[in-house]
Amino acid sequence: MSFLSKMQRNLKVLERANVDRRATCLNCMDGRVQLPVIQWIKENYPVDFVDVITEAGMDNVLACEKYIGEILRSIRISVDINKSSFLFIVGHYDCRGNPVDEGVHRKEIAEAVNRLKTFWPNHQIIGLWVNKSWAVEMV
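Throughout what follows, the structure given in this document is the object of discussion.

The rules behind the values
Residues numbered from 1 in each chain as written. Predicted model: local features only at pLDDT ≥ 70, side-chain atom pairs only at ≥ 80, totals over all residues. Heavy atoms only, no water. Phe/Tyr/Trp six-rings, centres within 6.5 Å; stacked < 30°, edge-to-face > 60°. Buried < 20%, exposed > 50% of the residue type's maximum accessible area, 1.4 Å probe, protein only. Helix = DSSP H or I, 4+ residues; strand = E, 2+ residues; numbered from the N terminus. Pairing = 2+ DSSP bridges. Right-handed = clockwise from strand over helix to strand, strands pointing away. Core = buried A, V, L, I, M, F, W, Y, C linked by side-chain atoms within 4.5 Å. Contact = heavy atoms within 4.5 Å. Polar contact = N/O pair within 3.5 Å; in protein donor to acceptor, adjacent residues only side chain to side chain. Expected span 1.5 Å × (residues − 1). Arc of directions from axis to C-beta.

## Looking at the packing of aromatic side chains
Following the criterion strictly, the structure yields 6 aromatic pairs and no others. Aromatic pair Phe119 and Trp120: ring centres 5.8 Å apart, planes at 45°, arrangement tilted. Under the relative-accessibility criterion, Phe119 is labelled partly exposed at 37%. Note on Trp120: relative accessible area 8%, which makes it buried. Site record: aromatic cluster; members linked through ring pairs are Trp40, Tyr45, Phe86 and Phe88.

This is the structure in C-alpha cells:
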C-alpha cells in the first residue's frame, strides 16, 4: 500500500471518529454500576459512545482529593480528541470506595460537578446517583 493510500485511509478513520457523538462518564470502578449508567446515558442523551474513566469512590475523589491530575488528563483526551460533549459524574449506593450515606454522596457529586465546571465551563456536566435498585437518577 502506498504512502498516499495509507494517509487517505487514516483520514477516513479520523473523519468517522469526528462524527461519533460521545459522552464521558466519571464513575466508580464498581462493576455493578457500569452497565446501568452507560445504558441510561445512551437512552437519555444523543450519544453513540460513552468513554468511561473509573476510580474507587469517584465522586469523593473528584470532590475532595487535592490531586486529580491523572483523571483530568483522561478527561482531556476524551474531550479534546474524542470530542465528548457531556461529562457525567456518578456516585452509587453501597460504594465500598466511598462508604458514606446517600446525602453525603449527593453533596460530593454536586461539589465534583462544580469543580469540573472550572475546567470545562462550556460543557454540560451532569451528576448522577445510582440507587439501591441500580436505577439511575439525576442529582
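So much for the structure itself; the text now carries on.
## What to know about the pairing of strand β4 (residues 124-130)
Counting buried residues in β4 gives 6 out of 7 residues, a clear majority hidden from the surface. Bridge analysis of strand β3 (residues 84-92) against β4 gives 7 bridges, and the strand direction is parallel. The partner of Val90 across the bridge, within β4, is Leu128. The parallel pair β3 and β4, bridged by helix α5 (residues 102-117), forms a crossover whose chirality is right-handed. Both β4 and strand β5 (residues 136-138) contribute to a ladder of 3 bridges, which runs antiparallel. Its bridge partner being in β5, Leu128 is matched across the sheet by Met138. Linking β4 to β5, which pair antiparallel, is a turn of 5 residues; within it Trp134 sits at a positive phi near 65°.

## A closer look at the nonpolar core
Leu26, Leu62, Ile71, Ile75, Ile89, Leu116 and Trp120 are the most contacted members of the largest nonpolar core, which totals 19 residues. Of all elements in the fold, only α3 (58-64), α4 (69-81), β3, α5 and β4 reach the threshold of two or more residues within this core. Those residues in contact with Leu26 that sit more than four places away from it in its chain are Ile53, Met58, Leu62, Ile71, Ile75, Phe88, Ile89, Val90 and Leu116. One finds Val47, Phe88, Val90 and Ile126 within the second-largest nonpolar core, a separate group that totals 16 residues.

## Some thoughts on the environment of Arg106
Along the chain, Arg106 falls in helix α5. Sequence spacing of Arg106 and Gly127 is 21 residues, and the spatial spacing of their C-alpha atoms is 8.3 Å. Looking at Arg106, its side chain comes within polar contact range of the side chain of Glu137, at 2.5 Å.

## Some remarks on α5
Look at α5: 23 Å from first C-alpha to last across 16 residues, which is about the 22 Å you get at 1.5 Å a residue. Taken as a whole, α5 has its buried residues at His105, Glu108, Ile109, Ala112, Val113 and Leu116. Buried positions in α5, seen along its axis, are confined to an arc of 145° and lie on one side of it. Buried residues along α5 sit in contact with β1 (22-27), α3, α4, β3 and β4. Its side-chain oxygen placed 3.0 Å from the backbone nitrogen of Gly103, Asp101 serves as the N-cap of α5.

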